[in-house]
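If you want the building blocks of each chain, they are given just below.
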There are 2 protein chains.
Amino acid sequence: MVDIATRVWNHKWRIDPIVRSLIDTDFYKLLMCQSIFRNKPDTQVTFSLINRSQNVPLAKLIDEGELREQLDHIRTLSLSRGESTWLRGNTFYGKRQMFRSDFMEWFENLRLPPYHLERKGDQYELTFEGKWHEVMLWEIPALAVLMELRGRSVLGKMEQFELQILYARAMTRVWEKVEALRDIPDLSIADFGTRRRHSFLWQDWCVQAMNEGLGPKFTGTSNCKIAMKRELEAIGTNAHELPMVYAALTKTDEDLFQAPYKVLEDWHEEHEGNLRIILPDTYGSQGFLDNAPDWLAGWTGIRIDSGDPATAAQQAIDWWKSRGEDPRDKRVIFSDGLDVAKIKELHAQFAGKTAISFGWGTLLTNDFRELVPGDALAPFSLVCKAVSANGVPTVKLSDNPNKAMGPKDEIERYKRVFSMGEQKSQEVIV
Amino acid sequence: MVDIATRVWNHKWRIDPIVRSLIDTDFYKLLMCQSIFRNKPDTQVTFSLINRSQNVPLAKLIDEGELREQLDHIRTLSLSRGESTWLRGNTFYGKRQMFRSDFMEWFENLRLPPYHLERKGDQYELTFEGKWHEVMLWEIPALAVLMELRGRSVLGKMEQFELQILYARAMTRVWEKVEALRDIPDLSIADFGTRRRHSFLWQDWCVQAMNEGLGPKFTGTSNCKIAMKRELEAIGTNAHELPMVYAALTKTDEDLFQAPYKVLEDWHEEHEGNLRIILPDTYGSQGFLDNAPDWLAGWTGIRIDSGDPATAAQQAIDWWKSRGEDPRDKRVIFSDGLDVAKIKELHAQFAGKTAISFGWGTLLTNDFRELVPGDALAPFSLVCKAVSANGVPTVKLSDNPNKAMGPKDEIERYKRVFSMGEQKSQEVIV
């Protein structure tokens with residue numbers, strides 16, 4: 001029996017929207033948004049798309065009209081009643097009412113601000129300007145839209161059975177990863193793959209596969225919509241945009257030097273326990289830790305998002321010891337360029353020395369490498385970053401110079417202020 | 001939108017029927033049925049299930065009640081109007097009205113005769129007695145039911161994502177086979193996998209994958225229901241049951257010796273062209289060919305269903321040459337234990353020497369080897385054969401003694417009558 005009404009309804013859609021909810025985004029964006037809403041409500045920022053993989057000619061692959069339709073659709077979205085209820089009623093990291101009433105009231109009325117889109121050669125220039133706590137919510141949906149439209153440009157040329165086999169192969173690959181991870185005792189791993197996912201449905205499938213295959217070893221997903229839909233934990237804390245914008249807002253070198261700590265001071269007031277996770281690498285991890293105030297050593301953990309992860313984890317362990325803390329009471333969260341082999345290696349190296357967690361991103365939710373001719377579905381390195389705050393360009397140094405960003409002279413100033421020495425380059429794959 | 005009516009309808013079914021149509025069977029059964037209906041309408045036969053894989057304890061795996069329900073359901077089936085129209089209106093092997101009106105009228109009123117089922121240790125004794133042209137239609141559905149119920153006994157214990165991955169892996173495997181076959185120039189291959197398929201839906205999927213992936217190199221399917229549904233050619237000619245029953249009906253050694261030729265004499269009257277395919281191995285191919293009347297050398301081809309296929313193909317080529325025929329005008333059809341490597345090997349060996357076709361069975365529609373623990377979904381060797389005709393036991397010698405059947409003393413008599421020498425055993429995998 002064909003349900004004629006459903007069929008007609010499905011064909012009525014002018015487009016197949018990629019992002020269908022304002023909470024189809026990473027949980028840490030909402031935490032940071034609330035923090036900014038309270039602490040920096042008047043800051044004006046510009047976010048900009050940056051395609052680190054210039055070999056992927058996005059403007060050739062993606063039709064500008066289709067891209068605009070998807071972005072326009074996102075601007076029509078508002079928080080649904082059920083989503084609002086979930087945010088208000090849920091327990092996040094063991095805490096009820098994580099989101100304050102004034103923030104929720106604002107969020108319930110939010111529509112995302114306008115975007116600016118222009119083709120520049122084979123790439124798109126896509127920027128968002130406005131209040132920081134509004135503009136910053138564009139990051140994840142913008143990335144998800146571009147990743148998925150690029151995928152659709154390849155999928156659109158495939159036959160029915162080719163498509164079915166493509167997904168059969170991709171599913172088998174994810175499942176084999178899940179099976180390989182099962183053996184790791186005390187594994188703690190979450191999905192961090194929203195921004196560079198193959199598609200929403202695919203991320204949702206990967207999350208379900210992880211959940212069935214790993215049981216309690218799978219701790220949740222960064223994606224709020226999927227966490228809500230699948231009754232899972234929403235996972236995430238904070239990101240580079242906080243120190244980057246805080247730093248850009250400073251006037252003196254001394255204030256600049258203090259900016260990353262000021263971010264965590266604000267965070268300290270708002271959050272406790274497992275939400276107190278240091279992201280030390282924005283302007284070099286070693287310098288950040290060496291000069292950190294003692295109260296930061298009391299925080300629960302450190303997230304490692306650039307540089308050699310084993311080196312960085314050891315650096316964190318050494319730092320805790322030097323501050324009189326027992327690393328076995330601490331947690332290291334790995335979230336950069338993970339795949340099964342790296343996860344196993346890091347687990348073997350650090351299990352017992354400290355608690356470890358993994359935030360698994362692109363190679364969980366977008367490992368379509370080698371599955372189509374020309375590797376046209378391989379993930380690539382696309383980011384959407386705050387590039388200026390109140391008119392001042394932001395700077396990121398990172399522990400990997402390939403992830404650095406900002407104007408050259410400002411980079412030099414930051415390097416000087418943060419006493420950044422020589423850095424080791426690492427290839428950015430995803 | 002949930003279609004509530006569909007959902008309720010789906011849950012109303014007391015069982016999930018495995019065979020849902022009388023033409024969910026191999027095309028050659030219908031051709032043979034019509035021939036028997038005309039030439040041997042009064043012959044009484046017994047067909048019996050024979051599990052050559054005694055290591056598969058069917059009675060432990062399959063509940064007797066469920067088996068009865070499936071078999072009882074098949075007894076409720078009758079030819080639908082559309083099925084009848086398709087059989088009457090379709091062109092088979094280039095011929096319109098392949099099925100005569102008297103046969104179609106009988107078929108339209110047919111219900112399958114009763115079965116006899118009894119558990120014997122870990123196996124089932126399943127037999128069918130009655131008129132040959134009625135009983136013989138049990139063979140394929142009975143095998144399909146047992147194969148699929150055995151599969152369900154394994155699938156029933158699996159979780160949702162395990163199931164999805166199982167099929168993802170199996171689909172990937174079939175597709176990789178299809179891709180490997182694509183490169184073979186002038187390939188001609190058909191699906192012969194109804195009897196030992198994993199399930200109807202799976203066979204239907206495999207057929208579609210072959211059709212999309214191989215295009216005109218895929219010549220069709222032996223399954224009439226799928227041929228009808230997918231608008232493909234129905235493929236098949238004749239099988240061992242004809243010479244086996246004809247032989248059992250003879251009174252003298254001389255008549256016995258002539259029986260296999262008498263079968264083809266009757267066939268010769270009814271069919272021409274690509275339907276004139278010799279199946280020479282029932283009582284030994286070499287003897288059959290050596291003693292064959294000259295008119296048989298005028299037939300279009302030979303199907304090779306036991307023994308070493310390369311040896312048998314060369315035997316056929318040599319025989320045609322010895323009878324003054326050009327083997328390049330002839331066709332060899334390989335249908336025994338095929339998989340990609342064997343298909344490629346045989347094609348490489350005989351391309352150009354004669355036309356070749358492949359009838360690909362079990363390892364197309366049931367290659368679930370190594371996909372579950374204990375290899376519990378691996379195909380196994382189940383057959384359903386005519387074991388007696390008018391009270392006399394039938395005998396099959398085959399070119400592989402492991403496929404021989406019949407009472408010991410009768411086998412000895414047949415070997416003497418057909419001057420069968422030493423035979424080389426070959427493992428029967430599927």
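Given the structure is predicted, the values throughout are model-derived calculations rather than measurements. (Residues numbered from 1 in each chain as written. Chains lettered and ligands numbered in written order. Predicted model: local features only at pLDDT ≥ 70, side-chain atom pairs only at ≥ 80, totals over all residues. Heavy atoms only, no water.)

## Here's the deal with the overall build of chain A
Test applied: Helix and strand definitions follow DSSP, with helices as H or I runs of at least four residues and strands as E runs of at least two, each counted in order from the N terminus. Categorising residues by exposure relies on relative accessible area from a 1.4 Å probe, with only protein chains included: less than 20% of the type maximum marks a residue as buried, more than 50% marks it as exposed, and the intermediate range marks it as partly exposed. Every residue pair with non-hydrogen atoms within 4.5 Å of one another is taken to be in contact. Each accessible area is a Shrake-Rupley estimate made with a 1.4 Å probe; only the visible protein chains count as cover when residues are assessed.
For chain A, the count of helices and strands is 19 helices and 13 strands. When the backbone C-alpha atoms are referred to their principal axes, chain A occupies close to 70 × 50 × 45 Å. Within chain A, the proportion of its 430 residues that are buried is 59%. Sequence-distant contacts in chain A: of pairs separated by 6 or more residues, those separated by 24 or more amount to 78%. Surface accessibility of chain A: about 17800 Å² in total, with carbon and sulfur atoms responsible for 48%.

## Considering the sheet that holds strand β10 (residues 331-334) of chain B
Residues and elements named next belong to chain B. As a reminder, the rule being used: Pairing between strands is defined by DSSP: at least two bridges between the two strands are required.
If you trace the six strands from one edge of the open sheet to the other, you get β7-β6-β11-β10-β9-β8, paired in parallel fashion. Only two strands of the sheet have a single neighbouring strand rather than two, namely β7 (218-221) and β8 (277-278). Alignment of strand β6 (residues 189-191) against strand β11 (residues 355-360), held across three bridges, turns out to be parallel. Bridge assignment links alanine 190 to a residue of β11, and that residue is glycine 359.

## Observations regarding the environment of proline 113 of chain A
Residues and elements named next belong to chain A. Turning to its location among the elements, proline 113 is positioned in the loop between α6 (101-108) and β4 (115-120). Sequence separation between proline 113 and glycine 130 is 17 residues, and the spatial gap between their C-alpha atoms is 7.2 Å. Apart from the residues lying within four places of it in its own chain, the contact partners of proline 113 are Arg75, Glu129, Glu134, Val135 and Trp138.

## Concerning the relation of the copies chain A and chain B
Related by rotation about an axis and a shift along that axis, the two copies of the chain form a pair. What counts, and what does not: Alignment of the copies relies on least squares applied to C-alpha atoms, considering only residues that score at least 70 for pLDDT in both.
Mapping chain A onto chain B calls for a screw motion: a turn of 180° about the axis and a shift of 0.0 Å along it, with 0.0 Å RMSD after fitting. The symmetry that links the two subunits is that of a two-fold axis. Scanning chain A for the C-alpha nearest the rotation axis identifies alanine 168 of chain A, at a separation of 2.1 Å. Both copies contact each other with a shared surface, as 100% of the interface residues of chain A are interface residues in chain B too.

## A look at a nonpolar patch on the surface
Stated precisely, the cut-off is as follows: Patches in this entry comprise residues that are over 30% relatively accessible and not in a salt bridge; like charges within 9 Å are linked, as are nonpolar side chains (Val, Leu, Ile, Met, Phe, Trp, Tyr) within 5 Å. We define a salt bridge as a side-chain nitrogen of Lys or Arg found within 4 Å of a carboxyl oxygen belonging to Asp or Glu.
A contiguous nonpolar patch, built from Met1 of chain A together with Trp9 and Trp13 of chain B and spanning about 380 Å² of accessible area, is present on the exposed surface. Within the secondary structure, methionine 1 of chain A sits in the segment before α1 (4-12).

## Some remarks on unusual backbone geometry
Notably, aspartate 186 of chain A is not glycine yet its phi reads approximately 55°, a positive angle. Mapped onto the elements of the fold, aspartate 186 of chain A is located in the loop between α9 (160-182) and β6 (189-191). Residue classification places aspartate 186 of chain A among the exposed positions, given a relative accessible area of 69%. Here glutamate 231 of chain B, not a glycine, exhibits a phi torsion of approximately 55°, which is positive. Mapped onto the fold, glutamate 231 of chain B is located in the loop between α11 (224-230) and α12 (241-248).

## Side note on the sheet that holds strand β13 (residues 392-393) of chain A
All names here are of chain A. What counts here: A fitted line through C-alpha atoms serves as each axis, taken over the contacting stretch for helices, and the angle formed by two N-to-C directions is quoted from 0 to 180°.
Strand order in this open sheet of five strands is β4-β5-β1-β12-β13, and the pairing throughout is antiparallel. The sheet is open, and its two edges are formed by β4 and β13, each paired on a single side. Summarising the sheet, strand β1 (residues 44-51) and strand β12 (residues 382-389) pair through seven bridges and their orientation is antiparallel. Looking at β12, one finds that valine 45 is bridged to alanine 389. This element, helix α8 (residues 139-155), spans β1, β5 (123-131) and β12 of the sheet and lies at about 145° to β12.

## A few points about the nonpolar core
Stated formally: Buried Ala, Val, Leu, Ile, Met, Phe, Trp, Tyr and Cys residues form a nonpolar core when they are joined through side-chain atoms within 4.5 Å.
Counting 287 residues, the largest nonpolar core has Phe107 of chain A together with Phe107 of chain B as its most contacted members. Among the elements that take part in this core, helix α9 (residues 160-182) of chain B stands out by supplying 11 residues, more than any other. Beyond its immediate stretch of four places on either side in the chain, phenylalanine 107 of chain B contacts Leu22, Ile23, Leu30, Leu79, Leu87 and Leu137 of chain B.

## Concerning the pattern of salt bridges
All names here are of chain A. All chains considered together, the criterion is met by 74 salt bridges over all chains. Between arginine 416 and aspartate 253 there is a salt bridge; the shortest N-O distance is 3.2 Å. Highlighted residues: arginine 416 in helix α19 (residues 408-417) and aspartate 253 in helix α13 (residues 253-270), separated in sequence by 163 residues. You can call aspartate 253 partly exposed: its relative accessible area is 30%. Two residues, arginine 328 and aspartate 326, come together in a salt bridge whose shortest N-O distance is 3.1 Å. A residue is classified by how much of its surface remains accessible, and aspartate 326, at 28% relative accessible area, is partly exposed.

## Topic: the UniProt feature "modified residue: Phosphohistidine" (unreviewed entry) in chain A
All names here are of chain A. We count it as follows: UniProt positions are given in the numbering used here, feature names are shortened, and annotations may be inferred rather than shown by experiment.
According to UniProt, the "modified residue: Phosphohistidine" (unreviewed entry) feature falls on His240. With respect to the element layout, histidine 240 can be found in the loop between α11 (224-230) and α12 (241-248). In this view, histidine 240 contacts Leu279, Asp281, Thr282, Asp305, Lys385 and Lys396; residues no more than four positions away in its chain are not counted.

## Things to note about the pairing of β10 of chain B
Residue and element names in this part refer to chain B. Counted only if it meets this: By definition, the crossover connecting two strands over a helix is right-handed if that path, from the first strand to the second, turns clockwise as seen with the strands pointing away from the viewer.
Judged from the four bridges that link them, strand β9 (residues 301-304) and β10 form a sheet pairing that is parallel. In the sheet register, isoleucine 302 faces β10, and the bridge partner there is valine 332. Read from β9 through helix α16 (residues 309-322) to β10, the crossover connection turns out right-handed. Sheet topology places β10 next to β11; four bridges connect them, and they run parallel. Within β11, the residue paired with phenylalanine 334 across the bridge is phenylalanine 358. Handedness of the crossover joining β10 and β11 through helix α17 (residues 340-350) is recorded here as right-handed.

## Things to note about α17 of chain B
Residues and elements named next belong to chain B. Which entries qualify depends on this criterion: Each direction from the helix axis to a C-beta atom contributes to the arc, which is the arc of those directions.
Taken together, the buried positions of α17 are occupied by Val340, Ile343, Leu346, His347 and Phe350. Seen along its axis, α17 keeps its buried residues to an arc of 135°; they face one direction. Exposed and facing more than 90 degrees away from the buried side of α17 are Ala341 and Ala348. In this structure, the buried residues of α17 make contact with α9, β6, α16, β10 and β11. One or two positions beyond α17, positive phi appears at glycine 352, with a value near 95°.

## Comments concerning the domain arrangement of chain A
Residue and element names in this part refer to chain A. To keep it simple, the criterion reads: Bear in mind that the domain bounds are from an automatic or database domain assignment. The term buried area means the drop in 1.4 Å probe accessible area that two parts suffer when joined, counted for both and summed.
Domain annotation of chain A identifies domain 1 (16-156 + 382-394) and domain 2 (160-365). Computed over C-alpha atoms, the centres of domain 1 and domain 2 are 20 Å apart. Across the contact, 50 residues belong to domain 1 and 39 residues belong to domain 2. Three residues stand out in domain 1 for area buried against domain 2, namely Tyr28, Tyr93 and Leu155, and they jointly supply 17% of the buried area on that side. Seen at the junction of domain 1 and domain 2, the total is eight salt bridges. For arginine 195, the salt bridge goes to aspartate 26, with nearest N and O atoms at 3.2 Å.

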